[in-house]
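Observations on the model geometry
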Amino acid sequence: MSTIIAGHFQLQDEVEQARQALVEAGFDADRVSGFYINQPGQHDMTSIGGDHMVSPGARETPEGLAEGAGVGAAVGVAAGAVTAPVTGPLGPVVGGLLGAHVGSLFSFSRMKERGESERGTGPVPDVRPAGMCVAVAFDDPALEARAVDLLRRLGAHHIERASGNIVGGDWADFDPGSIPQVIA
C-alpha cells in the first residue's frame, strides 16, 4: 500500500491541469489518477444499487412493520366486532381500514430511536463530497508535503490522505464510502 493524497476540484480542466502539474513535479504519471466521485449513497456498491443493503435510518423497519401489523389486526378485529351490529356486513371492512391505519401509525412510531425527533438527532457522518478528484500515490513519506502543497496551490479543496494503490492511472482499491481523512 502506498500513501495517496487526493484533492477535489470544481472543473474537468482543473483536474487535467493538476494531473499534468503533478507529473511535471516529478510524480509518476501511472500513479496519478483523475476521476469523478458520485453523491454519497449513489456509488452502486451493492447488487441492488446504492452504498448499503439497508438504509442506516431504516434499521428497525422490519420489526416496526411486524409490530404494526399485529396491532392493526387486533384493532381491526375489535373495531369490526364492535361496529358489526350497526354497520352489518360493512363492519369487517370498517375494522380492516381502521386497523390498517392504526397499524401504520404504530409502525412509523417504532421505526425511529426512542426520543429521537423525526428529523434525527445523531451526528452527521463524515462523507466524501461528490465532484472531480485528483489523487497521487507515492511510497516516500517525504513526498506528502510536496503533493499537498502542490494541490493547494492548484486550488484543490477537501484534500485527504489515504492508503491504496494507483496503477496505470486508476485508483484500483478506492472505496468511495470510506470515511475520508481530511488534511485541509
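Residues numbered from 1 in each chain as written. Predicted model: local features only at pLDDT ≥ 70, side-chain atom pairs only at ≥ 80, totals over all residues. Heavy atoms only, no water.

The name recorded for the protein in an unreviewed UniProt entry is Glycine zipper domain-containing protein, from Massilia agilis.

1. Section: the nonpolar core
This is how the line gets drawn: Joining through side-chain atoms within 4.5 Å is the link that ties buried Ala, Val, Leu, Ile, Met, Phe, Trp, Tyr and Cys residues into a set, and such a set is a nonpolar core. Exposure categories follow from relative accessible area, calculated using a 1.4 Å probe and restricted to protein chains: below 20% of the type maximum is buried, above 50% is exposed, and the middle band is partly exposed. The numbering of helices and of strands both runs from the N terminus, where a helix is a DSSP run of H or I of at least 4 residues and a strand a run of E of at least 2. Should any heavy atoms of two residues lie within 4.5 Å, those residues are considered in contact.
In terms of nonpolar packing, the biggest core is built from 18 residues, with Ile5, Phe9, Leu22, Phe27, Val134, Val136 and Leu151 touching the most fellow members. Where this core is concerned, the elements lending two or more residues are β1 (2-9), α1 (12-24), β3 (131-138) and α4 (143-153). Look past the residues within four positions of isoleucine 5 in its chain and what remains in contact with it is Val134, Ala135, Val136, Phe138, Glu144, Ala147, Val148, Leu151, Ile159, Glu160, Arg161 and Ile183. Among the nonpolar cores identified, the runner-up in size contains 10 residues, and Ala6, Phe35, Ala135 and Trp171 belong to it.

2. Quick notes on the pairing of β1
Quick note on the threshold: Any two strands between which DSSP finds at least two bridges are classified as paired.
Along β1, seven of the eight residues are buried, which leaves the element largely enclosed by surrounding structure. Relative to strand β4 (residues 157-164), β1 is paired through six bridges, and the arrangement is antiparallel. Looking at β4, one finds that alanine 6 is bridged to glutamate 160. Note: β1 against β3, seven bridges, orientation antiparallel. Paired with alanine 6 across the two strands is alanine 135, which belongs to β3.

3. Structural notes on the pattern of salt bridges
What counts here: Only one rule defines a salt bridge in this text: a Lys or Arg side-chain nitrogen within 4 Å of an Asp or Glu carboxyl oxygen.
Applying the stated rule across the entire model yields four salt bridges. The shortest N-O distance in the salt bridge between aspartate 139 and arginine 31 comes to 3.3 Å. Highlighted residues: aspartate 139 in the loop between β3 and α4 and arginine 31 in the loop between α1 and β2 (32-37), separated in sequence by 108 residues. The class of aspartate 139 is exposed, set by a relative accessible area of 55%. Of the residues examined, arginine 31 reaches a relative accessible area of 19% and is grouped as buried. For glutamate 144, the salt bridge is made with arginine 161, and the minimal N-O distance between the two is 2.6 Å. Of this pair, glutamate 144 sits in helix α4 while arginine 161 sits in strand β4, and the two are 17 residues apart along the sequence. The class for glutamate 144 is buried, based on a relative accessible area of 19%. Classification of arginine 161 by relative accessible area gives partly exposed; the value is 32%.

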